[in-house]
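# Residue-level structure breakdown
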Amino acid sequence: YQRRVHGVVLDVGCGTGILAMFAAKAGAAKVFGVECSSIVNLAEEIVRANGFEDVITLIKGKVEDIELPVPTVDIIISEWMGYFLLYESMLNTVLVARDRWLAPDGKIFPDKATMYVAAIEDADYKQQKIGFWDNVYGFDYSPVKRLAMLEPLVDCVDADQINTSEDKLLEIDLMTVTVADLTFKASFSLQALRKDYCHALVAWFDCVFSQVHKPVVLSTSPYRRNTHWKQTVFYLNEVLPVQKGECITGTLTCAPNAKNHRDLDIQLDLQMEGAHPVQFTQEYRLR
């Protein structure tokens with residue numbers, strides 16, 4: 001927003017209008033903000049309170065249903081990312097807006113995203129969150145434990161816990177990606193950095209604003225400052241003892257849930273050779 005913006009801007013899922021106002025402040029000729037929830041009423045008050053009512057027009061409704069008073073827009077902005085990048089994501093809606101209104105030479109901010117995975121040691125926290133259900137005041141709550149293992153944990157991971165190399169799971173270019181591309185199966189290989197135990201895999205993402213003079217990266221990596229998105233932790237049914245240099249290989253399959261496309265069904269297929277060979281499949285539900 002500190003860079004100059006020219007032309008017509010569309011803010012997809014504008015919420016309280018913060019991105020729309022940044023665009024107006026940066027010099028956009030016109031900004032349209034689309035929001036399907038009632039918060040758009042508050043956004044209109046905020047826009048007026050900041051003197052942008054002549055530049056910003058807010059429209060209540062779904063991108064799939066509404067019409068804009070212009071044939072094309074020059075820039076689409078949106079904070080579309082969800083946990084694990086795609087959970088409860090608005091990316092599908094951004095792609096609809098792109099296909100309906102983005103000019104041939106238009107831009108999307110951010111326009112690229114990459115998801116990464118690594119393994120972590122997390123014995124203490126896993127015991128608190130998962131092992132707790134083995135004995136609840138003397139009672140066996142293992143049925144709850146099975147449910148807890150199905151749900152990935154969204155939390156901040158200490159970078160010191162990471163004990164393998166990282167690998168890319170998914171790369172997205174918003175200028176060309178399709179909805180079908182968001183159902184994916186990715187292979188990965190993680191090399192142990194030290195002798196340790198792996199209790200979980202952790203995933204994070206970076207988003208890039210590459211269509212500017214000096215590209216900007218928004219990172220949710222454990223090696224960077226914590227963000228709203230944190231990281232996504234997939235606890236493993238089996239603890240993996242690793243020696244330095246050994247590799248954990250596998251695939252991660254991700255698809256929208258059949259009943260609610262904003263939820264995700266995820267499957268891990270893991271294997272490791274070496275001193276303690278192991279191979280197993282584990283499923284998760286990001287709800």
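Scroll up for the structure.
Residues numbered from 1 in each chain as written. Predicted model: local features only at pLDDT ≥ 70, side-chain atom pairs only at ≥ 80, totals over all residues. Heavy atoms only, no water.

## A word on the nonpolar core
Ranked by internal contacts, the top residues of the largest apolar core, which has 61 residues, are Leu10, Phe84, Leu85 and Ile172. Counting residues in hydrophobic clusters, the runner-up holds 19 residues, among them Val9, Ala24, Ala28 and Phe52. (Core = buried A, V, L, I, M, F, W, Y, C linked by side-chain atoms within 4.5 Å. Buried < 20%, exposed > 50% of the residue type's maximum accessible area, 1.4 Å probe, protein only.)

## Regarding the pattern of salt bridges
Scanning the entire structure with this criterion turns up 9 salt bridges. Across the pair Lys168 and Glu171 runs a salt bridge whose closest N-O atoms are separated by 3.4 Å. Put simply, Asp265, Glu283, Arg285 and Arg287 are held in one network by salt bridges that share partners. (Salt bridge = Lys/Arg side-chain N within 4 Å of Asp/Glu carboxyl O.)

## Overview of a nonpolar patch on the surface
Together, Tyr137, Phe139 and Tyr141 make up a nonpolar patch on the protein surface, roughly 430 Å² of accessible area in all. Structurally, Tyr141 can be placed in the loop between α4 (123–129) and α5 (142–150). (Patch = residues over 30% accessible without salt bridge, like charges linked within 9 Å, V, L, I, M, F, W, Y side chains within 5 Å. Areas by Shrake-Rupley, 256 points an atom, 1.4 Å probe, with all protein chains shown as cover. Helix = DSSP H or I, 4+ residues; strand = E, 2+ residues; numbered from the N terminus.)

## Some remarks on the sheet that holds strand β1 (residues 8–12)
The strand order across the open sheet built from 5 strands is β3-β2-β1-β4-β5, with neighbouring strands paired in parallel fashion. The open sheet has two edge strands, β3 (56–60) and β5 (102–109), and neither has a second partner. When the angles between neighbouring strand axes are averaged without regard to direction, this sheet yields 20 degrees. For strand β2 (residues 30–35) and β3, the ladder comprises 5 bridges, and the chain directions are parallel. Directly across from Val34, in β3, lies its bridge partner Ile59. Across the sheet, helix α2 (residues 39–49) lies against β2 and β3, angled at about 170 degrees from β3, the strand it touches most. Contacts between helix α3 (residues 91–101) and the sheet are confined to β1, β4 (73–77) and β5, with β5 contributing the most and set at about 155 degrees to the helix. (Pairing = 2+ DSSP bridges. Axes fitted to C-alpha atoms, helices over the stretch in contact; angles between N-to-C directions. Contact = heavy atoms within 4.5 Å.)

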